[in-house]
Amino acid sequence: AELNRFFFKYIIHKKPYVTIKIAQTLDGYISRNREKQSWITSYKAKKVVHRWRSEYDAVLVGAGTINIDNPLLTVREVTGRNPIRLILDGNLKIQKNNKIFHDNFTNNIIIITSKNTLPKKIESLANYGCKIIRMPIDKNGRININDILIKLAEIGITSILVEGGQNIFSQFISEKHADEIKLFI
């Protein structure tokens with residue numbers, strides 16, 4: 001059951017298996033500064049996370065993580081396949097100068113945005129080779145996590161490593177969509 005947990009969740013529930021990876025300080029913060037990138041774990045932890053990325057179909061972050069941390073979300077510290085890079089960005093606030101849009105894997109990016117997003121914004125990101133998925137928003141102006149998971153399962157994604165940020169973690173946890181949480185302190 002443990003070895004095939006991704007497959008079983010996908011087959012039985014028609015949704016990807018979701019693992020949330022959180023790194024926090026001893027006093028409970030996930031960043032030293034909300035406005036700029038701050039590294040709070042070690043190289044050893046980074047290597048472990050890169051191994052996890054190679055084991056999951058996709059890695060998911062929000063627009064804030066892309067704009068503040070400027071991650072690549074690829075596998076570099078170990079040998080393995082790169083996951084599909086999922087960016088949840090309801091209003092397309094991501095900046096096009098981020099590293100993720102300027103590597104050799106832009107065709108491996110899926111941006112999940114709202115159906116209300118202006119076509120001009122979508123077109124400018126699609127020109128980078130990214131796939132765009134437009135989703136309806138709920139009464140709170142958010143894209144429903146359950147709907148996202150169903151849609152991602154429909155395109156064959158069986159497992160997701162959620163890497164950030166705080167709003168994304170909170171949504172997945174409060175709506176009970178996390179199958180597992182891996183926490184670095």
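Because the structure is a prediction, the values reported are computed rather than measured.

*Asks:* Which residues make up the nonpolar core, and what values do they have?
*Replies:* Of all hydrophobic cores here, the largest spans 22 residues; its most connected members are Leu 86, Ile 112, Ile 148, Leu 152, Ile 160, Val 162 and Phe 172. Listing elements by their share of this core, those giving two or more residues are strand S1 (17–23), strand S2 (58–62), strand S3 (84–88), strand S4 (109–114), strand S5 (131–135), helix H5 (145–154), strand S6 (159–164) and helix H6 (166–174). The leading source of residues in this core is H5, at four residues. If you look at the next biggest cluster of nonpolar residues, it comprises 16 residues, including Leu 73, Ile 94, Ile 111 and Leu 125.

*Asks:* Please provide a residue-by-residue account of H6, values included.
*Replies:* Considered for burial, the residues of H6 that qualify are Ile 168, Phe 169, Gln 171 and Phe 172. One side of H6 holds all its buried residues, which, seen down the axis, span an arc of 165°. Looking at the buried side of H6, the elements it contacts are S1, S2, S3, H5 and S6. Positive backbone phi, approximately 60°, marks Lys 176, located one or two places after H6.

*Asks:* Run through the sheet that holds S2, naming residues and quoting values.
*Replies:* Spatially, S5-S4-S3-S2-S6-S1-S7 is the arrangement adopted by the seven strands of the open sheet, whose pairing is parallel. Both outer strands of the open sheet, S5 and strand S7 (180–184), are each paired with one neighbouring strand and no more. Mean inter-strand twist for the sheet, computed between neighbouring axes without regard to direction, equals 25°. Across four bridges, the pairing between S2 and S6 is parallel. Following the sheet pairing, Leu 60 is matched in S6 by Val 162. Against the sheet, helix H2 (residues 43–55) contacts S1, S6 and S7, and its axis sits at roughly 145° relative to S6.

Cut-offs used in this document
Residues numbered from 1 in each chain as written. Predicted model: local features only at pLDDT ≥ 70, side-chain atom pairs only at ≥ 80, totals over all residues. Heavy atoms only, no water. Core = buried A, V, L, I, M, F, W, Y, C linked by side-chain atoms within 4.5 Å. Buried < 20%, exposed > 50% of the residue type's maximum accessible area, 1.4 Å probe, protein only. Helix = DSSP H or I, 4+ residues; strand = E, 2+ residues; numbered from the N terminus. Arc of directions from axis to C-beta. Contact = heavy atoms within 4.5 Å. Pairing = 2+ DSSP bridges. Axes fitted to C-alpha atoms, helices over the stretch in contact; angles between N-to-C directions.

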